[in-house]
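In case you want the letters, here they are:
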Amino acid sequence: MNKFTGSYAEFGEYLAKKLAERNHDFDTRVNRRTLNKQLKIYKKYWPELLEESKAVANYLHMSEDEILYDEIASTVDNQKRHVKNAHDSKTDACTIFAIKENGKTFVGRNYDWDPSARNYFQTYDLKIGNSYRYFAFSDEGTYPRHYGRRTWKLYMEDAINEHGLYIGLTASKLREKYWNYGFSSYHIIRYIAEHCKTTKEALAVFRKIPVAVPKNFLIADKTGDVAVIEHAAKSYKILRPKNFKNAEYIIHTNHCLSPEYAKVDPVLQCNPSADTFLRYAEADYLIRKQLPNYDFTDTGRILRNSHYIYNGDTIWSLALELSEPRLTYYYDTAEGQKEARVVFT
């Protein structure tokens with residue numbers, strides 16, 4: 001567990017030391033137009049993050065523009081290239097669900113990615129400035145064919161804060177026009193973990209702050225207020241749980257569930273047999289099988305003893321009971337499966 005308490009500038013120095021140790025290869029091909037547009041957004045909504053990035057630049061003796069571009073703007077240009085060139089329908093990319101029953105709120109999630117990411121997976125315990133304390137789970141920005149090639153930096157995919165608010169994502173396969181100027185998925189997760197106590201507050205953030213890339217975000221708080229946002233960069237849809245046996249639950253994998261986005265979903269168009277549908281169906285079956293009287297231990301079994309939900313690309317699993325709270329995560333190593341718990345004290 002990586003632990004940090006301090007100011008944004010101090011966190012920038014903390015990150016810079018890690019980047020230096022890893023000999024991180026920054027994206028220094030600065031696109032001035034993209035950077036300027038992104039700076040306007042971050043200056044308006046999160047100037048503290050700019051302070052943090054400037055501290056990184058100062059510590060590493062690099063230009064501020066190069067660090068700022070790498071941190072807040074390269075995502076936009078990468079997404080534009082991705083939209084233009086990617087037509088894949090591979091969907092081994094996460095399962096996430098939430099259940100509310102008898103005053104309890106449960107969250108389960110498997111983060112699926114290239115198996116090599118197991119060598120880089122990191123957990124964080126963060127209290128930055130006046131923001132809320134939270135635990136975060138990061139694949140460190142690694143991606144296929146580039147492991148160990150100096151691309152290792154904090155890039156969280158899940159976070160849960162001291163107020164019992166959780167936010168995590170699954171990949172979206174929306175393409176074509178689906179990009180925007182705005183926060184990266186990592187930054188919107190981090191911002192919400194640091195600034196919001198409830199799902200209602202998190203949804204207000206999405207109304208206010210633009211997001212650069214399509215993703216599916218599940219948000220849940222300890223009161224049982226749960227929502228999924230299918231974000232298409234320039235627009236988004238909010239999905240709510242369905243009722244079953246006096247309980248409520250919601251599942252998301254990687255295909256679009258909202259009718260409007262389903263019409264343009266390349267998974268449906270190009271690969272209707274993709275495993276996103278299998279993972280969704282299996283999660284639906286296994287959750288219904290445990291209702292009524294769902295128990296915290298059911299989450300771990302669904303995540304780790306399933307056929308499609310747990311697969312060769314699963315990097316970590318989260319089993320959470322937000323109303324208690326009970327926070328358990330599982331991960332795989334060369335020595336076998338590991339289990340750990342985190343606690344706010």
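Notes on the structure in this doc start here. All values reported here derive from a predicted model rather than from experimental measurement.

Describing the packing of aromatic side chains
Here comes step 1: In this structure the tally under the stated criterion is 19 aromatic pairs.
Here comes step 2: A centroid spacing of 5.2 Å and a plane angle of 50° characterise the contact between Phe206 and Phe217, whose relative ring orientation is tilted. Here Phe217 lies in strand S8 (residues 215–220) and Phe206 lies in helix H6 (residues 199–208), a separation of 11 residues in the sequence.
Here comes step 3: The exposure class assigned to Phe206 is buried, which follows from its relative accessible area of 3%.
Here comes step 4: Within the aromatic cluster, the residues linked to one another by ring pairs are Tyr111, Phe121, Phe137, Trp316, Tyr329 and Tyr331.
Here comes step 5: When the ring centre of Trp179 is taken as reference, the NZ or CZ atom of Lys234 above it lies at 4.8 Å.
Here comes step 6: Above the face of the Phe244 ring, Arg288 is positioned so that its terminal group lies 4.2 Å from the ring centre.

Looking at the pattern of salt bridges
Here comes step 1: Going through the model one piece at a time under the given rule, you end up with 18 salt bridges.
Here comes step 2: Note that Arg279 is salt-bridged to Asp275, the shortest N-O span being 3.2 Å. One end of the pair, Arg279, and the other, Asp275, are both in helix H9 (residues 275–290), four residues apart, so they sit about a helical turn from each other.
Here comes step 3: On the basis of relative accessibility, which here comes to 0%, the residue Arg279 falls in the buried class.
Here comes step 4: The class for Asp275 is buried, based on a relative accessible area of 18%.
Here comes step 5: Asp332 is the salt-bridge partner of Arg304, the closest N and O atoms lying 3.0 Å from each other. With Arg304 in helix H10 (residues 296–304) and Asp332 in strand S14 (residues 326–333), this residue pair connects regions lying 28 residues apart in the sequence.
Here comes step 6: When salt bridges with common partners are traced through the structure, they connect Glu52, Arg190 and Glu194 into a single cluster.

Topic: the sheet that holds strand S9 (residues 226–231)
Pairing between sheet strands relies on hydrogen bonds along the backbone, with the strands arranged either parallel or antiparallel.
Here comes step 1: Strand order in the open sheet made by the eight strands is S1-S4-S5-S6-S7-S8-S9-S10, with mixed pairing throughout. Edge positions in the sheet fall to strand S1 (2–6) and strand S10 (236–239), since each of these pairs with one other strand and no more. With direction set aside, neighbouring strand axes in the sheet form an average angle of 20°.
Here comes step 2: As paired strands, strand S4 (residues 122–128) and strand S5 (residues 134–138) are joined by five bridges and run antiparallel to one another. In the sheet register, Thr123 faces S5, and the bridge partner there is Phe137.
Here comes step 3: Across the sheet, helix H5 (residues 185–195) is in contact with S4, S5, strand S6 (156–161), strand S7 (166–171) and S8; its angle to S6 comes to roughly 5°.
Here comes step 4: Its contacts with the sheet place H6 against S7, S8, S9 and S10, and it is angled at close to 150° to S8.

Some words on the side chain of Glu321
Here comes step 1: Position of Glu321 among the secondary structure elements: in strand S13 (residues 314–321).
Here comes step 2: A relative accessible area of 0% means that Glu321 is categorised as buried.
Here comes step 3: A polar atom in the side chain of Glu321 sits 2.6 Å from the side chain of Arg326.
Here comes step 4: Ignoring anything within four residues of it in the chain, the contact list for Glu321 reads Lys104, Thr105, Phe106, Phe296 and Arg326.

What counts and how
- Residues numbered from 1 in each chain as written.
- Predicted model: local features only at pLDDT ≥ 70, side-chain atom pairs only at ≥ 80, totals over all residues.
- Heavy atoms only, no water.
- Phe/Tyr/Trp six-rings, centres within 6.5 Å; stacked < 30°, edge-to-face > 60°.
- Helix = DSSP H or I, 4+ residues; strand = E, 2+ residues; numbered from the N terminus.
- Buried < 20%, exposed > 50% of the residue type's maximum accessible area, 1.4 Å probe, protein only.
- Lys NZ or Arg CZ within 6 Å of the ring centre and 35° of its normal.
- Salt bridge = Lys/Arg side-chain N within 4 Å of Asp/Glu carboxyl O.
- Pairing = 2+ DSSP bridges.
- Axes fitted to C-alpha atoms, helices over the stretch in contact; angles between N-to-C directions.
- Contact = heavy atoms within 4.5 Å.
- Polar contact = N/O pair within 3.5 Å; in protein donor to acceptor, adjacent residues only side chain to side chain.

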